[in-house]
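Read off the chains here:
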Protein chains: 4
Amino acid sequence: MTKTLLKLSCPDRVGLLSCLSGWVARHGGNLLEVNQFTDVEASWFFARMEIETETLSLDLPGVQAAFEPIGIELKAQWTIRPAESRMKVVILVSKLGHCLADLLWRWRSGELAFDIPCVISNHEDFREMVERERIEFLYIPVATGNKEAALAEVTARLRSTNPDLVVLARYMQIIPRAVCEEFDGRIMNIHHSFLPSFTGANPYQRAYERGVKLIGATCHYATAELDAGPIIDQEVMRVDHFHLPADLVRIGRDCERLALARSLRWHLNDRVLIHGNKSIVFRD
Amino acid sequence: MTKTLLKLSCPDRVGLLSCLSGWVARHGGNLLEVNQFTDVEASWFFARMEIETETLSLDLPGVQAAFEPIGIELKAQWTIRPAESRMKVVILVSKLGHCLADLLWRWRSGELAFDIPCVISNHEDFREMVERERIEFLYIPVATGNKEAALAEVTARLRSTNPDLVVLARYMQIIPRAVCEEFDGRIMNIHHSFLPSFTGANPYQRAYERGVKLIGATCHYATAELDAGPIIDQEVMRVDHFHLPADLVRIGRDCERLALARSLRWHLNDRVLIHGNKSIVFRD
Amino acid sequence: MTKTLLKLSCPDRVGLLSCLSGWVARHGGNLLEVNQFTDVEASWFFARMEIETETLSLDLPGVQAAFEPIGIELKAQWTIRPAESRMKVVILVSKLGHCLADLLWRWRSGELAFDIPCVISNHEDFREMVERERIEFLYIPVATGNKEAALAEVTARLRSTNPDLVVLARYMQIIPRAVCEEFDGRIMNIHHSFLPSFTGANPYQRAYERGVKLIGATCHYATAELDAGPIIDQEVMRVDHFHLPADLVRIGRDCERLALARSLRWHLNDRVLIHGNKSIVFRD
Amino acid sequence: MTKTLLKLSCPDRVGLLSCLSGWVARHGGNLLEVNQFTDVEASWFFARMEIETETLSLDLPGVQAAFEPIGIELKAQWTIRPAESRMKVVILVSKLGHCLADLLWRWRSGELAFDIPCVISNHEDFREMVERERIEFLYIPVATGNKEAALAEVTARLRSTNPDLVVLARYMQIIPRAVCEEFDGRIMNIHHSFLPSFTGANPYQRAYERGVKLIGATCHYATAELDAGPIIDQEVMRVDHFHLPADLVRIGRDCERLALARSLRWHLNDRVLIHGNKSIVFRD
């Protein structure tokens, strides 16, 4: 069985779900899973539908064309795509490889289905780890003095690759505001704190100094403002007075891996819809 | 704004959601929240819809009558009721009052909206706690030798009260099989272990002896088989080697309170649908 | 069996544990539990010892007198007291009673052993809840214009009562800086956010606006700086996009109750040692 | 700074901690961390001490020889070893590689310090993953008919390697009772359920059928009785009605990885002491 995913958000009005499910039914579609949410305050409607592809009376382009006028009428943002199509995900990393290694394992084992056109890093540390998976490793060093040029090179590469998603898997360079805007909703960052606590640098050291009893990690979309984009998932673990900053770093790695892996999974399955500064996540 | 709740389960077929949401739309209903689940293995469909009552073109009896033929056609089990109607909940308790006290607080503060026709206990311990809330307290002692008669009296009282739900809030008597069947899906029990571990008596002592590192509580519907009914919610907390059975009892109390309060909330809001030995829970 | 609790912190040096445990042994004391922590960075030593009282060759004043010279030599802060002595705890509350109700239940049921000389509130809402437990309820209204006078009255009452601990159980007035300093380490506050996120007012509303996926509560000692004192415990629960601010408030109540109850328990059992802006907590 | 670890358990008596810490002090040792626990019911004493090696007046053999008579007098089980010495850990795996991959990453990155003399598997699947780390991969197939011979070969290899620990990282063969006894306390198994729920085969399928709302994993020492040995750590995650057995398997993998990695860490650092069917774990 293959699946077709419809993801949609639009201004709220009466009868939207009936309109959408009726449209699916008219094309013979068997609904496997439906998620719906109305943000009453914003008066906005969000939906995700999983349709059994074989039951649809049209092929994919036909379905998309048939939905076009409805999307226009509803003033909707929408996508329809086969669940089996694999997103292109570029991964950026610096010197901490736990998230990269975790994603590579989930990718290789098939737990997460996506393609990795390349891994970009400002260090050479993970060339072997990447290349032995037969993935291109792109070394773009960032030194004081060449930051702008280096990030322009990264951006150029992103443009030419045109990925569905960019994952900042502990990439310790700040992505320029203009790039965040250009790839709006397509850059996922894992921040090593429980946001909005400890935005910016050295969150574990600052968590240690504050004496918190729980540490965490936050996966969010990167926006122009640092660490302020829509949150997709967060994870926390308990710590004690005897944990030194190095312990927080170690324990936090597991938070980061879990929050990033879940967020990526949901993004790959069209389960995340962004609205303003928030994420609607139809978890699975 | 008031709300009308439609809860339904029926054999699966194509077009069910379209049928239901179309029906709501035809009667002018504005859908506030929709939850849907298809158990592919059992080929069974489950849905819950929150409709803005004021938008419906019919009053409650009208709506119910209008749905009648659809329910028959779909071979569905269904209810339509105002979200504001308060369920009648009888609480049974023995000598441990933490769950009772917790429910009374949530009830009195309005966190949970329901009515308590009476509290039944086989001990006098909580008479004052109950009566000061102006709730009837019914003492039905259970002694060896009179068990059957006592439980018959409890049952008679349940029959005459005809509650929407019976909560066994640490009632340490086994409800007879026939009563479980008579009140099928209407008896909620909080068991002081992480089921299916430690069914039956003294779970904390046995958890201690086994040396588990997490203890828990399980809220489930009572069925003929002890501690084997559909699970609604579970909660766990970490324990260590230095925790004695009395510590597990103490820590477990918080698990029990949380799991019971959440489960009751979902039941009161028609968020739990039972199918065979499982609960479908549309959490909020 | 009764227990004597020794709590101590002092500058670190070699042989401290040997010194302390040797001292206990010389007075016949059987150690039931020993906790020790060295803050290597601060070069500070922390210990807590539970001694079987009956095995000690001296009575309490004798033991305290015998320890006096050691305390001086080690430049230590220390206390020796019977575990059975009950601390005097004054509770302050405003219009949200869930923490108060929770503490009253744990107190009445004996889960937590302490005395409550009085409950102070700037509202009358909980008079009945308090007085029916035969606890004095003190109504000290705080209106714009009389804030200073009202808080002076609260302070006077605290001075005359001389409690071992003051619990701010959702008391929505800011305790004056001077009072925090006067009762240093003796005022426990439950803050309704996961600190250091959302210090100050309306944390749940702000958590909603930020779109966090976990909300929490923090129990800490009040210091001159608002919501910046030593953290004792924190608790979090998952939330979703469909949770409105009122839902966060509701879910957060359970976080607050749990974090406060645990923190109070540890404080009552001399399990919390404060050093600078951090708490060393020897959990049980 | 290097560290010497003293781990000890013995029958309880008055003055044990004083005796041990006094002994350390007499040899000039600076105690960095001390953990102690008395099982009052069993009247047994457990301790772990971290000593700054450079402060000791004797070298390792000297220290061990000096402790010998104390160990005898206390009828203690004890070890003294440098924290820096690396344990030899043999890993066994079958066809599910997530735990193996996780351990390899933690090993390679230095998060966990140990040596891997070889990985043994009854399948060829992970030869490349292991050999590219320059670790010996030993393929010992187990077919119906040759089970005994195959497990004898595994056992022979374990004997010749004489590892400090054997990790069953989802090795789907039952280790013979005699081998469990021979390597008592040195075989660590990760079981894919929250024990004592779902011992034996197919726990995720059975968890699905039971409709549990939390799934988990348990790391324990293997003993003669299947899945009944001392538990070191457990981890759980929430699941919902819409999770199929394959989802439980996926979510459970993260539970397994976390519980195993933490347990291994504690074992490598001499933080786990076994007594009867329980583990005393001095967590870090």
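Residues numbered from 1 in each chain as written. Chains lettered and ligands numbered in written order. Predicted model: local features only at pLDDT ≥ 70, side-chain atom pairs only at ≥ 80, totals over all residues. Heavy atoms only, no water.

1. Describing the overall build of chain A
Item 1. Looking only at helices and strands, one finds eight helices and 14 strands in chain A.
Item 2. Here chain A has a C-alpha radius of gyration of 20 Å; the compact-globule value for 284 residues is 19 Å, and the two agree.
Item 3. Along the first, second and third principal axes, the C-alpha set of chain A runs to 60 × 40 × 35 Å.
Item 4. In chain A, buried positions account for 62% of the 284 residues.
Item 5. Partitioning the contacts of chain A with sequence separation of at least 6, the portion at a separation of at least 24 is 65%.
Item 6. Within chain A, one finds 33 positive and 37 negative side-chain charges whose respective centroids are separated by 3 Å. (Helix = DSSP H or I, 4+ residues; strand = E, 2+ residues; numbered from the N terminus. Rg over C-alpha atoms; globule rule 2.2 N^0.38 Å. Buried < 20%, exposed > 50% of the residue type's maximum accessible area, 1.4 Å probe, protein only. Contact = heavy atoms within 4.5 Å. Lys, Arg positive; Asp, Glu negative; His and termini not counted. Charge placed at Lys NZ, Arg CZ, Asp CG, Glu CD.)

2. A closer look at the packing of aromatic side chains
Item 1. Applying the stated criterion across every chain yields a total of 14 aromatic pairs over all chains.
Item 2. Centre to centre, the rings of Phe67(A) and Trp78(A) are 4.9 Å apart; their planes meet at 65°, and the pair counts as edge-to-face. Of this pair, Phe67(A) sits in helix 2 (residues 60-73) while Trp78(A) sits in strand 4 (residues 77-82), and the two are eleven residues apart along the sequence.
Item 3. What makes Trp78(A) partly exposed here is its relative accessible area of 22%.
Item 4. With 6.0 Å between their ring centres and 20° between their planes, Phe37(C) and Phe46(C) make a pair best called stacked.
Item 5. Assessed through its relative accessible area of 11%, Phe37(C) is described here as buried.
Item 6. Taken together through their ring pairs, the aromatic side chains of Trp23(A), Phe67(A) and Trp78(A) make up a single cluster.
Item 7. Here the guanidinium or amino end of Lys278(A) rests over the ring plane of Tyr208(C), the centre of that ring lying 3.4 Å away. (Phe/Tyr/Trp six-rings, centres within 6.5 Å; stacked < 30°, edge-to-face > 60°. Lys NZ or Arg CZ within 6 Å of the ring centre and 35° of its normal.)

3. Examining the interface of chain A and chain C
Item 1. Of the residues lining the interface, 36 residues belong to chain A; the matching set on chain C comes to 36 residues.
Item 2. Across the interface of chain A and chain C, roughly 3,100 Å² is buried in total on both sides, 51% from carbon and sulfur atoms.
Item 3. Per-residue buried area on chain A facing chain C is highest for Arg210(A), Lys213(A) and His241(A); these three make up 23% of the total on that side.
Item 4. At the boundary of chain A with chain C, the tally comes to six salt bridges.
Item 5. Put simply, Arg238(C) and Glu235(A) hold a salt bridge, and the shortest N to O gap is 3.1 Å.
Item 6. Seen at the junction of chain A and chain C, the total is 25 residue pairs in polar contact (both at pLDDT 80 or more).
Item 7. Put simply, the parts of the chain that give the side of chain A that touches chain C at least two residues each are strand 2 (30-39), helix 7 (203-210), strand 12 (231-238) and strand 14 (278-281) of chain A.
Item 8. Of the residues forming the side of chain A that touches chain C, the biggest block, seven residues, is contributed by strand 12 of chain A.
Item 9. A breakdown of the residues in the side of chain A that touches chain C according to their chemical character gives 16 nonpolar, seven polar and 13 charged. (Buried area = accessible area lost by both parts, 1.4 Å probe. Salt bridge = Lys/Arg side-chain N within 4 Å of Asp/Glu carboxyl O. Polar contact = N/O pair within 3.5 Å; in protein donor to acceptor, adjacent residues only side chain to side chain. Nonpolar A, V, L, I, M, F, W, Y, C, P; charged D, E, K, R; others polar.)

4. Comments concerning the interface of chain D and chain C
Item 1. Taken together, the 15 residues of chain D in the interface contact 15 residues of chain C.
Item 2. Between the two partners, chain D and chain C, sit zero salt bridges.
Item 3. Counting every contact that joins chain D to chain C gives three residue pairs in polar contact (both at pLDDT 80 or more).
Item 4. Only helix 1 (16-26) and strand 2 (30-39) of chain D provide two or more residues apiece to the side of chain D that touches chain C.
Item 5. At seven residues, the largest contribution of residues to the side of chain D that touches chain C is made by strand 2 of chain D.

5. Quick notes on the packing of helix 1 (residues 16-26) of chain C against helix 1 of chain D
Item 1. It is at 8 Å that the axes of helix 1 of chain C and helix 1 of chain D come closest, and there the two elements cross at 140°. Taken together, helix 1 of chain C and helix 1 of chain D sit at an angle that is classed as oblique. The chirality of how helix 1 of chain C crosses helix 1 of chain D is left-handed. When helix 1 of chain C is examined against helix 1 of chain D, the residues Leu17(C), Ser18(C), Ser21(C), Gly22(C) and Ala25(C) are found in contact with a partner set consisting of Leu17(D), Ser18(D), Ser21(D), Gly22(D) and Ala25(D). (Axes fitted to C-alpha atoms, helices over the stretch in contact; angles between N-to-C directions. Parallel < 35°, antiparallel > 145°, perpendicular 65-115°, else oblique. Left-handed = near helix turned anticlockwise from the far one by under 90°.)

6. Section: the sheet that holds strand 1 (residues 3-11) of chain C
Residues and elements named next belong to chain C.
Item 1. With antiparallel pairing, four strands are arranged side by side in an open sheet as 2-3-1-4. The open sheet has two edge strands, strand 2 (30-39) and strand 4 (77-82), and neither has a second partner. On average, each strand axis in the sheet is inclined to that of its neighbour by 5°, with strand direction left out of account.
Item 2. One ladder, built from six bridges, connects strand 1 with strand 4; its direction is antiparallel. Note that in strand 4 the partner of leucine 8 across the bridge is tryptophan 78. (Pairing = 2+ DSSP bridges.)

7. Considerations on the domain arrangement of chain A
All names here are of chain A.
Item 1. Domain annotation of chain A identifies domain 1 (3-82) and domain 2 (87-281).
Item 2. Placing the centre of domain 1 and that of domain 2 at their C-alpha centroids yields a distance of 31 Å.
Item 3. Listed per partner, the contact involves 15 residues of domain 1 and nine residues of domain 2.
Item 4. Linking domain 1 with domain 2 are four salt bridges.
Item 5. Note that lysine 7 and aspartate 270 form a salt bridge whose closest N and O atoms lie 3.8 Å from each other.
Item 6. Taken together, the links from domain 1 to domain 2 amount to seven residue pairs in polar contact (both at pLDDT 80 or more).
Item 7. Looking at the side of domain 1 that touches domain 2, the elements with two or more residues in it are strand 1 (3-11), strand 2, strand 3 (44-52) and strand 4.
Item 8. Here the element with the most residues in the side of domain 1 that touches domain 2 is strand 3; it accounts for five residues. (Domains from an automatic or database assignment.)

8. Some remarks on the relation of the copies chain D and chain C
Two copies of the chain are present, and they differ by a rotation about an axis and a shift along that axis.
Item 1. Of the transformation superimposing chain D on chain C, the axial component is 0.0 Å and the angular component is 180°, with the fit at an RMSD of 0.0 Å. Taken together, the turn and the small shift mark the pair as related by a two-fold rotation axis. No C-alpha of chain D approaches the rotation axis more nearly than that of Ser18(D), which lies at 2.9 Å.
Item 2. Taken as a fraction of all interface residues of chain D, those also at the interface in chain C reach 100%, which identifies the copy contact as same-surface. (Least-squares fit on C-alpha atoms with pLDDT ≥ 70 in both.)

9. Focus: the side chain of Glu50(D)
Residue and element names in this part refer to chain D.
Item 1. The topology assignment puts glutamate 50 in strand 3 (residues 44-52).
Item 2. Under the relative-accessibility criterion, glutamate 50 is labelled buried at 8%.
Item 3. At 3.4 Å, the side chain of glutamate 50 and the side chain of lysine 3 are in polar contact.
Item 4. Leave out the neighbours within four places in its chain, and glutamate 50 touches Lys3, Thr4, Leu5, Asn30, Leu31, Leu32, Glu33 and Arg271.

10. Focus on the relation of the copies chain A and chain C
Item 1. Between chain A and chain C, which share one sequence, the superposing operator has a rotation angle of 180° and an axial displacement of 0.0 Å; the RMSD is 0.0 Å.
Item 2. Interface residue correspondence from chain A to chain C reaches 100%, placing this contact among same-surface, isologous pairings.

11. Points about the sheet that holds strand 3 of chain A
Residues and elements named next belong to chain A.
Item 1. Pairing within the open sheet is antiparallel, and its four strands lie in the order 2-3-1-4. At either end of the open sheet lies a strand with only one pairing partner, and these are strand 2 and strand 4. Pairs of neighbouring strands in the sheet enclose a mean axial angle of 5°, with direction left out of account.
Item 2. Of the strand pairs in this sheet, strand 2 and strand 3 are connected by nine bridges, and their pairing is antiparallel.

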